[in-house]
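One letter stands for each residue in the lines below.
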Amino acid sequence: MQRHADAHPDEGHSDDAYERLFVAGVFALMAVALFVYIWRFGRNVPFWDDWELVPVLTGNTPISLTWLWTPHNEHSIPIVRLVVYSVWRLTGDLRAVMVLTSLVLCTACWAFVESCRRLRGHAAFTDAVFPLALLGWGLFENHIFTIQFFFVGAAVLTVVIVLAGSSDWRGRHARVGAIAVSLVLLPMFGAIGLAMLPCMLAWVAVYGVSSLRQPSSCARREGLVLLLSCGLAMAIA
């Protein structure tokens, strides 16, 4: 059966069941393999740059704003330090951060799959490229190296901005808020976040200015929120 190019993006197709099943199967296989890898090779022992977190994690040095904002090489990673510290205090196991990192990446991967299906109007076998590319063992350092959370976090925040911005976000406060919050957090995820920031700033600023020009007061408020997030992100950077 031939698919219609003008189908509504949110309407499902009865003839894409095999594609959806195939992509979901690949995603499930890659996700399970990823967590098996963490279970097999992850250790509750600091690895490489993780050792700089040890004094605070063990309580020998108190947590402070100074510590959170102290650069790690070229990276400013206050959010990552706070996440690692919080998870460590709750679980006492660095592998919990590894699991969290992988869960965040799996969520972003599936968001890509679903966004492509909605924008195209149907699933495709090629959507399996996302779990194959993002959940493979080739990225093992991002999963068993605790401090690498900032690499994954910066990428996921960028994904949130792109996917929320490419959807019908006007008048949807949750999506506007997701764009604004992600943009403000981006420069707090190290040099990776800073590298992503210029393009994201330009994109969100264009959205903000265009919303301010709308006659609707709701649209103008959304534009103000987006432009305010741009200003905050630049100030943090």
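What you are looking at is a predicted structure, and each value in this text was computed from that prediction instead of being measured.

(A) Seen up close, the environment of Y37. As for its position among the elements, Y37 is in helix α1 (residues 17-41). Among the residues examined, Y37 registers a relative accessible area of 13% and is labelled buried. Through-space distance from the C-alpha of Y37 to that of I144 is 8.9 Å; in sequence the pair is 107 residues apart. Setting aside chain neighbours within four positions, we find Y37 in contact with G42, W137, F140 and I144.

(B) Region of the structure containing the pattern of salt bridges. Following the criterion strictly, the structure yields 4 salt bridges and no others. D93 is the partner of R95 in a salt bridge, and the nearest nitrogen-oxygen pair spans 2.9 Å. With a relative accessible area of 34%, R95 lands in the partly exposed category. Note that E114 is salt-bridged to R117, the shortest N-O span being 2.9 Å. Taken together, the residues span about one helical turn, with E114 and R117 both in helix α5 (residues 95-120) at a distance of 3 residues. Like R117, E114 is buried.

(C) Geometry of the environment of V129. With respect to the helices and strands, V129 occurs in helix α6 (residues 129-134). A relative accessible area of 46% places V129 in the partly exposed class. Through-space distance from the C-alpha of V129 to that of G153 is 20 Å; in sequence the pair is 24 residues apart.

(D) Structural context of the packing of helix α4 (residues 78-91) against α5. One way to put it is that α4 packs onto α5 with a least axis distance of 9 Å and a crossing angle of 125 degrees. Between α4 and α5, the angle falls in the class oblique. Classified by chirality, the crossing of α5 by α4 is right-handed. Residues V83, V84, V87 and T91 of α4 touch α5, and the partners they reach there are A96, V97 and L100. Of the residues in the contact of α4 with α5, the class split is 6 nonpolar, 1 polar and no charged.

(E) How the structure looks around helix α9 (residues 173-185). For α9, with 13 residues, the first-to-last C-alpha span of 18 Å sits near the 18 Å given by 1.5 Å per residue. Listed as buried for α9 are V176, I179, A180, S182, L183 and V184. Contacts made by the buried residues of α9 are with α8 (149-165), α10 (190-212) and α11 (217-236).

(F) Summary view of the packing of aromatic side chains. A full pass over the atoms with the stated rule returns 6 aromatic pairs. With a centroid separation of 5.4 Å and an interplanar angle of 75 degrees, the aromatic rings of F22 and F125 are classed as edge-to-face. One end of the pair, F22, is in helix α1; the other, F125, is in the loop between α5 and α6, and 103 residues separate them in sequence. Between Y37 and W137 the ring centres are 5.1 Å apart and the planes differ by 50 degrees, which places this aromatic pair in the tilted class. Note that Y37 is positioned in helix α1 and W137 in the loop between α6 and α7 (140-144), a separation of 100 residues in sequence.

(G) View of the nonpolar core. One finds V80, L183, F189 and V204 to be the most contacted residues of the largest nonpolar core, which totals 33 residues. Put simply, the parts of the chain that give this core at least two residues each are α2 (54-57), α3 (65-69), α4, α8, α9, α10 and α11. When residues in this core are grouped by element, the largest group, 6 residues, is from α8. Once residues lying within four places of it in the same chain are set aside, the contact partners of V80 are I147, F149, F150 and F189. Listed in part, the 18 residues of the second largest apolar core include V23, L105, V156 and V159.

The rules behind each value
Residues numbered from 1 in each chain as written. Predicted model: local features only at pLDDT ≥ 70, side-chain atom pairs only at ≥ 80, totals over all residues. Heavy atoms only, no water. Helix = DSSP H or I, 4+ residues; strand = E, 2+ residues; numbered from the N terminus. Buried < 20%, exposed > 50% of the residue type's maximum accessible area, 1.4 Å probe, protein only. Contact = heavy atoms within 4.5 Å. Salt bridge = Lys/Arg side-chain N within 4 Å of Asp/Glu carboxyl O. Axes fitted to C-alpha atoms, helices over the stretch in contact; angles between N-to-C directions. Parallel < 35°, antiparallel > 145°, perpendicular 65-115°, else oblique. Left-handed = near helix turned anticlockwise from the far one by under 90°. Nonpolar A, V, L, I, M, F, W, Y, C, P; charged D, E, K, R; others polar. Expected span 1.5 Å × (residues − 1). Phe/Tyr/Trp six-rings, centres within 6.5 Å; stacked < 30°, edge-to-face > 60°. Core = buried A, V, L, I, M, F, W, Y, C linked by side-chain atoms within 4.5 Å.

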